[in-house]
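Coordinate analysis (summary)
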Amino acid sequence: MPQRFQITRAAELESLSVFRQFISDCCASHNVPHDTVFDLKLAVDEACTNVIEHGYKGMDPGSIILSFRITPDRILVQITDFGHIFEPAEAPKPDVEAALEDRELGGLGLYLIYQTMDNIDYQSSEDGNTLTFTKYIK
Amino acid sequence: MFKRLRVKAEPAKTNSDFGEISISQLIGDVSLPVTIKALNSLPENPKLRLYRALIPIQVLAEFDINPRTWKNPDKLPQVRLDAEHGSDKVKITAWYGADPQNEFFYLELADNQYNGIDLNFLIANNPLSEKYRTDYDDEGKETLFGTVRRNLVEEQRAMQAGLAPGQIREGLRCSNIVFNHIETFLTMMAHHAFFLEPLTYVSAWIFEKRGFAYSKGHQLMDTIHKEFQPGGELHKALDGSTPFRQPDQWQTVRGRAWAIHDGILQVLDRKWDDLKMIKQVGRQAGVNTFPDAKY
């Protein structure tokens, strides 16, 4: 039986540390390897930062719901928000080959999520936007 | 890089025709949302059968109203359905006694521009409890829940009697049941969520308990909680300058709500407006912006 955990906070930068702690707590009770925990925190941090900086741009921020499901072989993370619709496929691709001084600030969030997570799924509608990613436990 | 990226693989289904409902729609894709406007195009009896599910049996039973006929033991009608052909709204009103003005239950749902459903109004109060005329000012003009005008004398009486801003009588405490009915109804109609704008701080707090999240205004609610703590700007503004700004009001949901109704958010250069909440069907968001709150 998978175990499910959930936390909801306002879409503001102060919530990121709460989300990181939440991931640590969930993983600690299931002996998830440290490098997997690190990847999960990184991916959640990047995804939530995108929501905070772009999803709720121009409005008093709403909620971010972070839910976490752990099975013996994988961890499923869902991040739901109710802000503007984000199109991952339309996000500019970062130039990770360019010299540091030539790179634009930011823009690595999605790239880092792709690098660290196994499956990624994004569903969007007026009822909410949900980014789901899966990390297999090795 | 990643094994699978699926973006909007299942695009949101929308009802392309906001007109009349057809048998082909009903026997077709059951995941296609049905609009209120489409339901309102049904003949009266099937429409009544469907909308009857929106008003909880427990609420009607409390006042001896037959849930099937919507009449009292004297065979007098006690519930009215407004769901006119061509309208995108449905209103259900129940009253106690012979006077339809003596409403104790009022529910209004409407299609919104995004193919979703808005809960415009939900009022459920005890018709046997004392009435406070906070809905009219001393010149007899409507206050619209105290949003455009205020009746300060009646509001003070209501506050002392334990009511929240916007209430004219004590509540029926049935929001949990009503929301369950709304969700069941919306699931039948294949909707995923519904939206509302909380009129007061008390409403927002109750909707949090009922599983709503914020699509706008979560940060404002956090700010309100923070600033009502000792040392915060709202705490300092509870200076006794009006009956609605007494020093101990920061401790309760109702106390904060009356101070906000009295305009205390001005000290933060904010107003109580533009909050929007969403309830995803079958999901509890778990928002709690006032931990360990006392009502």
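Residues numbered from 1 in each chain as written. Chains lettered and ligands numbered in written order. Predicted model: local features only at pLDDT ≥ 70, side-chain atom pairs only at ≥ 80, totals over all residues.

**Comments concerning the overall build of chain A**
- Looking only at helices and strands, one finds three helices and five strands in chain A.
- Going from N to C terminus, chain A has its helices and strands arranged as β-α-α-β-β-α-β-β.
- The 138 residues of chain A split such that 32% are buried.
- Put simply, of all contacts in chain A between residues at least 6 apart along the chain, 68% involve residues at least 24 apart. (Helix = DSSP H or I, 4+ residues; strand = E, 2+ residues; numbered from the N terminus. Buried ≥ 20, exposed ≤ 12 C-beta atoms within 10 Å, placed from the backbone. Contact = placed C-beta atoms within 7 Å.)

**Examining the overall build of chain B**
- Helix and strand counts for chain B come out as 10 helices and eight strands.
- Whereas a compact globule of 295 residues would reach a radius of gyration of roughly 19 Å, chain B reaches 21 Å, a difference of no more than 12%.
- The principal-axis extent of the C-alpha atoms belonging to chain B is close to 75 × 65 × 30 Å.
- Burial statistics for chain B: of 295 residues in total, 36% are counted as buried.
- A fraction of 58% describes how many contacts in chain B between residues 6 or more apart in sequence connect residues 24 or more apart. (Rg over C-alpha atoms; globule rule 2.2 N^0.38 Å.)

**A few points about the environment of Leu 48 of chain B**
Residues and elements named next belong to chain B.
- Considering the arrangement of structural elements, one finds Leu 48 in helix α3 (residues 44–51).
- Take Leu 48: there are 13 C-beta atoms within 10 Å of it, and that puts it in the partly exposed class.
- Considered as a pair, Leu 48 and Asp 82 are 34 residues apart in the sequence and their alpha carbons are 10.0 Å apart.

**Remarks on the nonpolar core**
- Grouped together as the largest cluster of nonpolar side chains are 94 residues, with contacts concentrated most on Val 44, Ala 47, Cys 48 and Ile 79 of chain A together with Ala 94, Ala 213 and Met 277 of chain B.
- Among the elements that make up this core, the one with the highest residue count is helix α2 (residues 34–55) of chain A (seven residues).
- Built from parts of two domains, this core gets at least three residues from each of domain 1 (23–129 + 169–196) and domain 2 (217–279) of chain B.
- Here Ile 79 of chain A is in contact with Val 44, Ala 47, Cys 48, Ile 64, Leu 66 and Leu 131 of chain A, once residues within four sequence places are set aside. (Core = buried A, V, L, I, M, F, W, Y, C linked by C-beta atoms within 7 Å. Domains from an automatic or database assignment.)

**A few points about the sheet that holds strand β6 (residues 193–196) of chain B**
All names here are of chain B.
- Read across the open sheet, the seven strands follow the order β2-β3-β4-β5-β6-β8-β7; overall the sheet is mixed. Looking at strand neighbours, the two that pair on one side only are β2 (79–82) and β7 (213–216), the edges of this open sheet. Each strand of the sheet is rotated relative to its neighbour by a mean of 25°, with strand direction disregarded.
- The sheet contact formed by strand β3 (residues 89–95) and strand β4 (residues 103–111) spans seven bridges and is antiparallel. Each bridged residue has a counterpart across the sheet, and for Lys 89 the counterpart in β4 is Ala 110. (Pairing = 2+ DSSP bridges. Axes fitted to C-alpha atoms, helices over the stretch in contact; angles between N-to-C directions.)

**Quick notes on the pairing of β2 of chain B**
Residue and element names in this part refer to chain B.
- Judged from the four bridges that link them, β2 and β3 form a sheet pairing that is antiparallel. Paired with Leu 81 across the two strands is Ile 92, which belongs to β3.
- Between β2 and β3, which follow one another and run antiparallel, lie six residues, and Gly 86 among them has a positive phi close to 95°.

**Some words on the packing of helix α1 (residues 14–28) of chain A against α2 of chain A**
Residues and elements named next belong to chain A.
- Relative orientation of the contacting elements α1 and α2 amounts to 150°, with a least axis distance of 10 Å. Judged by the angle between their axes, α1 and α2 are roughly antiparallel. When the axes of α1 and α2 are compared, the crossing they make is right-handed. Between α1, through Leu 16, Phe 19, Arg 20, Ile 23, Ser 24 and Cys 27, and α2, the contact on the second element is made entirely by Val 37, Leu 40, Lys 41, Val 44, Asp 45, Cys 48 and Thr 49. (Parallel < 35°, antiparallel > 145°, perpendicular 65-115°, else oblique. Left-handed = near helix turned anticlockwise from the far one by under 90°.)

**Some details on the domain arrangement of chain B**
All names here are of chain B.
- Segmentation of chain B into domains returns domain 1 (23–129 + 169–196) and domain 2 (217–279).
- A C-alpha centroid distance of 33 Å is found between domain 1 and domain 2.
- Each side of the interface is counted separately: domain 1 has four residues, and domain 2 has four residues.
- Its residues assigned to classes, the side of domain 1 that touches domain 2 comprises four nonpolar, no polar and no charged. (Nonpolar A, V, L, I, M, F, W, Y, C, P; charged D, E, K, R; others polar.)

**Focus: the pairing of β4 of chain B**
All names here are of chain B.
- By the bridge criterion, seven bridges tie β4 to strand β5 (residues 117–124) in an arrangement that is antiparallel. Each bridged residue has a counterpart across the sheet, and for Asp 111 the counterpart in β5 is Ile 117.
- Between β4 and the antiparallel strand that follows it, β5, lie five residues; Asn 115 among them carries a positive phi value of about 70°.

**Here we look at helix α8 (residues 218–227) of chain B**
- Burial of α8 of chain B is extensive: seven of the 10 residues sit out of reach of the surface.
- Among all positions of α8 of chain B, only His 218, Gln 219, Leu 220, Met 221, Thr 223, Ile 224 and Glu 227 of chain B are buried.
- Against the buried residues of α8 of chain B lie β1 (3–10) and β2 (63–70) of chain A together with α7 (201–209), β7, α9 (233–237) and α10 (253–261) of chain B.

**Some details on the environment of Phe 68 of chain A**
All names here are of chain A.
- Note on placement: Phe 68 falls in strand β2.
- A residue is classified by how many C-beta atoms lie within 10 Å of it, and Phe 68, with 22 of them, is buried.
- The spatial distance from the C-alpha of Phe 68 to the C-alpha of Phe 5 is 5.1 Å, given a sequence separation of 63 residues.
- Among all residues touching Phe 68, those that are not within four sequence positions of it are Phe 5, Cys 26, Ile 75 and Val 77.

**Comments concerning the confidence of the model for chain B**
All names here are of chain B.
- Summarising the model, chain B shows a mean pLDDT of 90, and 91% of its residues fall at 70 or more.
- The element-level mean pLDDT for chain B is lowest in strand β1 (residues 4–7), coming to 44, with α9 highest at 98.
- Taken over the whole predicted complex, pTM reads 0.88, whereas the ipTM for its chain interfaces reads 0.84. (pLDDT = per-residue confidence, 0-100.)

**What to know about the packing of α7 of chain B against α10 of chain B**
All names here are of chain B.
- One way to put it is that α7 packs onto α10 with a least axis distance of 8 Å and a crossing angle of 140°. When the interaxial angle is binned, α7 and α10 end up oblique. In contact with Tyr 201, Val 202 and Trp 205 of α7, α10 contributes Val 253, Arg 254, Arg 256, Ala 257 and Ile 260.
- Split by residue class, the contact of α7 with α10 holds six nonpolar, no polar and two charged.

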